[in-house]
Amino acid sequence: MKPRTLFQKIWDNHVVHQEAGRQAILYVDLHLVHEVTSPQAFEGLRLANRLVRRPERTVATADHNVPTSDRSLPIADPISKQQIDTLRANCKEFGITYYDLNDAQQGIVHVIGPELGYTQPGMIIVCGDSHTSTHGAFGALAFGIGTSEVEHVLATQTLLQDKPKTLELRVDGELKPGVTAKDLILYLIGQITTDGGTGYCVEYTGEAIRSLTMENRMTVCNMSIEGGARAGMIAPDDTTYEYLRGRKFVPKDFDAAVAKWRELPTDPGAEYDKSLVFQAADIAPQVTWGTNPGLVVSVNSHVPKPADFSDTTEQKTAAAALEYMGLKGGEAITDLKLDRVFIGSCTNARIEDLRAAAAVARGHQVSENVNAMVVPGSGQVKIQAEQEGLDKVFREAGFDWREAGCSMCLAMNPDKLAPGERCASTSNRNFEGRQGKGGRTHLVSPAMAAAAAIAGHFVDIRDWK
Amino acid sequence: MKSFTTHTGKVVAMDRANVDTDQIIPKQFLKRIERTGFGEFLFWDWSQLDDGSPNPEFELNQPQAEGASILLARRNFGCGSSREHAPWALEDYGFRVIIAPSFADIFYNNCFKNGMLPIRLSEAEVEELFQRATQHTPYALTADLDSQELSDAHGFSARIDVEPFRRHCLLQGLDDIGQTLQHEAKITEYETAHGLAS
């Protein structure tokens, strides 16, 4: 048999039906559902008198719109409340497992999927959310879909898809001390630009990727969409299997499952449509300066000027970004003063992220000019962090310690920036207004965010004592 | 689903790259549980000044943009969030066609589900259209999906390149779910063969 990539194997395993010149009908193993992109899909089912084909392959939680303050209080925003009530009622009506706000297992959908062992190698996983690419860290084909497609999956457990091309992003060598998975993915996006992955499914390979922990791999795959790729994946290996072993919803005969999963990695000699190679040693801690994640530089450098770009469209983009960000170009990154710090999101709110931030914060105080918050990715992450005493470290340093949810990554709930506020954020998007209208977002790693909170400006984490 | 065969309409040019779906429809409007009524919130943050009055500099607020149904934009239109609220808002506002050198994958896909035609042209063709939109006011284009031609009244013509199956579904206004369910036996067969039957 011709050597195949990880992507090709998963694709082949899931084709239900394919006619020449048409989209393939692919089987979906796991469908994750949240409150924002599902109500219209459930309504569509009702109008057409359809049922959910495989409710047991569908898992729901509320995350985008939930308050991260005291959960014993009612939700203050009546429209948010209605959306969450609607999801609860839809799950009940259609027989879908739903992790409600008071459930200790509630959390960001891309955090709880892996945590509970729903996410497994070789699966096709979809969700009405572009950061579904996170689950690709397990060697799954996972991507975001629109609400019409959510309805299609609910009704048929399949999805119509054009086959994407494959893009290998290989990172050779070892990351230097202080350089994290977040820096790695921001660097890659900076290199390929925000639409470099459009039309592709990315596979991340190379020594620097193989040595990452599962949580770090999730950070990398999470941001695939910020480079334009709907899906990003990493071949499963012992790191993957050890992470999954013992989790609640993994296959009962785990060793048999592992034996099958071992067949998934890309065969020697398999070809990608495109391959790019990078050196881990070239990567320094990264800070975004503009209004898309591809506008990023090393912490020890300067904000670029429009003239630094070659093409006129990019120059215009840079000029508009600088204006929005309240920057002139030429400033040293470490001179940028901050008003807010957000540690959270499906990119960086897992236990290892919180440990990394706490290690920096321990024994320090948040700058008096900065308001800093930590939002765990799930109820389970919160409980574990509290067992390890991380909440105390954060609180004593002056960070606000909150309940799980998407929070200020997209500011749908009350957590948001005021106009003009500058924020160091561990999230995934620095779009205009993403964290609140007029808010200015700089994307960084958890350790860099914590250090910035304490110093009141960006610091090179490699110099942190 | 709504069909699309041919459409002639006024063009509004938006000279910006990487227009993300957070700009097309900001998050505060995603709390609604309906599929309609998003048009009035389209490009909310760009279309208003801080005091809530219309921003006179914003492209869609220009007098000549009144009634436009074709949006001309730069590369990577619709990037970011998968929110289908973005095409819902564009469609509800009155857009039927969006032209750009490239679109983000999820947005591109979502357009077809809502009877809107996203047209990918070369950078040079898009640049040509930007110039024509300045030269002729008002500027109109015709997108004929049947003959796969985009044209104006001044000699411009470009081929609309679209996957045959998407074109077929859009021309006929076919419901995807109905299409797939014609193959329901295959789905059941797949589930049985893979030990997934309930």
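Quick caveat: nothing in here was measured; it's all calculated off a predicted structure.

### Looking at the sheet that holds strand β4 (residues 117-120) of chain B
Residues and elements named next belong to chain B.
Then comes step 1: A sheet is described by the order of its strands in space; here seven strands give the open sequence β4-β3-β2-β1-β5-β6-β7, paired in mixed fashion. In this open sheet, the two strands that pair with only one neighbour each are β4 and β7 (157-159). If you compare each strand with its neighbour and ignore which way they point, the axes differ by 25° on average.
Then comes step 2: Of the pairings in the sheet, the one linking strand β2 (residues 70-73) to strand β3 (residues 97-100) comprises three bridges and is parallel in character. If you follow L71 over to β3, its bridge partner there is I98.
Then comes step 3: Helix α4 (residues 105-112) rests against β3 and β4 of the sheet, and its axis sits at about 135° to β4.
Then comes step 4: Helix α5 (residues 123-135) contacts β1 (6-14), β2, β3, β5 (140-144), β6 (149-151) and β7 of the sheet and is inclined by roughly 120° relative to β2.

### Here's the deal with the domain arrangement of chain A
Residue and element names in this part refer to chain A.
Then comes step 1: If you check the domain split of chain A, you get domain 1 (6-161) and domain 2 (308-463).
Then comes step 2: Distance from the C-alpha centre of domain 1 to the C-alpha centre of domain 2: 28 Å.
Then comes step 3: Listed as interface residues are 22 residues of domain 1 and, on the opposing side, 24 residues of domain 2.
Then comes step 4: For the domain 1 and domain 2 pair, buried surface summed over both sides reaches about 1800 Å², with 59% attributable to carbon and sulfur atoms.

### Brief notes about the packing of helix α12 (residues 351-361) of chain A against helix α13 (residues 379-387) of chain A
Residue and element names in this part refer to chain A.
Then comes step 1: Two elements in contact, α12 and α13, have axes whose closest approach is 10 Å; the angle formed by their N-to-C orientations is 40°. As far as their axial angle goes, α13 and α12 are oblique. Of the two elements, α12 crosses α13, and the hand of that crossing is right-handed. The residues of α13 that touch α12, namely those facing I351, L354 and R355, are V381, Q384 and A385.

### A short note on the sheet that holds strand β1 (residues 15-17) of chain A
Then comes step 1: If you trace the three strands from one edge of the open sheet to the other, you get β1-β2-β8 (chain A), paired in antiparallel fashion. Of all strands in the sheet, those with a lone pairing partner are β1 and β8 (158-161) of chain A, marking the two edges. Strand-to-strand twist of the sheet, defined as the mean angle between neighbouring strand axes without regard to direction, takes the value 40°.
Then comes step 2: Pairing geometry for strand β2 (residues 24-27) of chain A and β8(A), over four bridges, is antiparallel. Counted as the bridge partner of I25(A) is L160(A) from β8(A).
Then comes step 3: Across the sheet, helix α8 (residues 184-193) of chain B lies against β1, β2 and β8 of chain A, angled at about 145° from β1(A), the strand it touches most.

### Some thoughts on the UniProt feature "binding site: [4Fe-4S] cluster" (unreviewed entry) in chain A
Residue and element names in this part refer to chain A.
Then comes step 1: Per the UniProt entry, the sites bearing "binding site: [4Fe-4S] cluster" (unreviewed entry) are C346, C406 and C409 in this numbering. These annotated residues cover 64 residues of sequence, but their C-alpha atoms sit close together, with the largest distance between any two at 8.6 Å. Among the residues just listed, C346, C406 and C409 line the largest cavity.
Then comes step 2: Within the secondary structure, C409 is located in the loop between β17 (400-401) and β18 (422-425).
Then comes step 3: Contacts of C409, omitting those with residues within four sequence positions, involve F342, S345, S427, N428, R434 and Q435.

### With respect to the interface of chain B and chain A
Then comes step 1: Listed as interface residues are 59 residues of chain B and, on the opposing side, 69 residues of chain A.
Then comes step 2: By the criterion of area lost to chain A, the three top residues of chain B are K27(B), K31(B) and I33(B), representing 14% of everything that side buries.
Then comes step 3: With its nearest N and O atoms 2.8 Å apart, the salt bridge here joins R75(B) to D311(A).
Then comes step 4: Here chain B and chain A share 33 residue pairs in polar contact (both at pLDDT 80 or more) between them.
Then comes step 5: Listing elements by their share of the side of chain B that touches chain A, those giving two or more residues are α1 (21-24), α2 (44-47), α3 (85-93), α4, α6 (164-172), α7 (176-181) and α8 of chain B.
Then comes step 6: Across the side of chain B that touches chain A, the residue classes tally to 17 nonpolar, 20 polar and 22 charged.

### As for the environment of D22(B)
Then comes step 1: Examined against the element boundaries, D22(B) turns out to sit in helix α1.
Then comes step 2: A residue is classified by how much of its surface remains accessible, and D22(B), at 3% relative accessible area, is buried.
Then comes step 3: Within polar-contact distance, the side chain of D22(B) engages the side chain of R434(A) at 2.9 Å.

### Some details on the packing of α12(A) against helix α14 (residues 390-397) of chain A
All names here are of chain A.
Then comes step 1: Relative orientation of the contacting elements α12 and α14 amounts to 40°, with a least axis distance of 9 Å. Between α12 and α14, the angle is such that the two are oblique. Crossing geometry of α12 relative to α14 is assigned as left-handed. Counting all contacts with α12, which are made through I351, L354, R355, A357, A358 and A361, the residues of α14 involved are L390, V393, F394 and A397.
Then comes step 2: Of the residues that constitute the contact of α12 with α14, the class distribution is nine nonpolar, no polar and one charged.

The rules behind these values
Residues numbered from 1 in each chain as written. Chains lettered and ligands numbered in written order. Predicted model: local features only at pLDDT ≥ 70, side-chain atom pairs only at ≥ 80, totals over all residues. Heavy atoms only, no water. Pairing = 2+ DSSP bridges. Helix = DSSP H or I, 4+ residues; strand = E, 2+ residues; numbered from the N terminus. Axes fitted to C-alpha atoms, helices over the stretch in contact; angles between N-to-C directions. Contact = heavy atoms within 4.5 Å. Domains from an automatic or database assignment. Buried area = accessible area lost by both parts, 1.4 Å probe. Parallel < 35°, antiparallel > 145°, perpendicular 65-115°, else oblique. Left-handed = near helix turned anticlockwise from the far one by under 90°. UniProt positions renumbered as here; feature names shortened; annotations may be inferred. 1 Å grid on protein atoms, 1.4 Å probe; cavity = no way out; pocket = protein on both sides within 12 Å on 5 of 7 lines; lining within 4 Å. Salt bridge = Lys/Arg side-chain N within 4 Å of Asp/Glu carboxyl O. Polar contact = N/O pair within 3.5 Å; in protein donor to acceptor, adjacent residues only side chain to side chain. Nonpolar A, V, L, I, M, F, W, Y, C, P; charged D, E, K, R; others polar. Buried < 20%, exposed > 50% of the residue type's maximum accessible area, 1.4 Å probe, protein only.

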